[in-house]
Amino acid sequence: MDDAKKVTAGERILQLRTEKHYTREQLAYMAKISEKFLYEIENNKKGFSAVTLLNLSKALDVSMDYIMIGENADKAENEIVATLERFKPNTLETVERLLKIAYELTKGNR
């Protein structure tokens, strides 16, 4: 992706807010920041702290990774979920039991 076309965290926050039909006032309240500060974030005029990032991610119901880089960085988790989705619902209980056994067997190897 060309650097000029990269979406900033502020632009991503604005996009998410719009998609969720939140006003700036609503999102600012949920994220515990001022409307002015949210405006400055969305327009790339100000950076923000990890606490603000956490509050925004909770308010927008997305990961902090998504806000910062546009994707969920936990690819291992996504791969596990994709693998589990291949199982038929009636076999998931067995898979869960097997995973618990595997976990118990490997606990001593740490």
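Just so we're clear, the structure is a prediction, and the values are computed from it rather than from any experiment.

So, the pattern of salt bridges
Phase 1: Applying the stated criterion across every chain, the model contains 6 salt bridges.
Phase 2: Here R24 makes a salt bridge to E42, at a shortest N to O gap of 2.9 Å. In this pair, R24 sits in helix α2 (residues 24-31) while E42 sits in helix α3 (residues 35-42), placing the two residues 18 residues apart along the sequence.
Phase 3: For E42, a relative accessible area of 2% puts it in the buried group.
Phase 4: Here K100 ties to E96 by a salt bridge, and the two come within 3.4 Å at their closest N and O atoms. With a gap of 4 residues between them, K100 and E96 both fall in helix α7 (residues 92-107), about one helical turn apart.
Phase 5: Classification of K100 as exposed rests on a relative accessible area of 51%.
Phase 6: Ionic contacts of the salt-bridge type, sharing partners, join the residues R17, R24 and E42 into one network.

As for the packing of α2 against α3
Phase 1: Two elements in contact, α2 and α3, have axes whose closest approach is 9 Å; the angle formed by their N-to-C orientations is 105 degrees. Classed by the angle they form, the pair α2 and α3 counts as roughly perpendicular. Here R24, E25, L27 and A28 of α2 come into contact with α3, specifically with E35, L38, Y39 and E42.
Phase 2: When its residues are assigned to classes, the contact of α2 with α3 shows 4 nonpolar, no polar and 4 charged.

About the cut-offs
- Residues numbered from 1 in each chain as written.
- Predicted model: local features only at pLDDT ≥ 70, side-chain atom pairs only at ≥ 80, totals over all residues.
- Heavy atoms only, no water.
- Salt bridge = Lys/Arg side-chain N within 4 Å of Asp/Glu carboxyl O.
- Helix = DSSP H or I, 4+ residues; strand = E, 2+ residues; numbered from the N terminus.
- Buried < 20%, exposed > 50% of the residue type's maximum accessible area, 1.4 Å probe, protein only.
- Axes fitted to C-alpha atoms, helices over the stretch in contact; angles between N-to-C directions.
- Parallel < 35°, antiparallel > 145°, perpendicular 65-115°, else oblique.
- Contact = heavy atoms within 4.5 Å.
- Nonpolar A, V, L, I, M, F, W, Y, C, P; charged D, E, K, R; others polar.

Read these as spatial facts, not as claims about activity.
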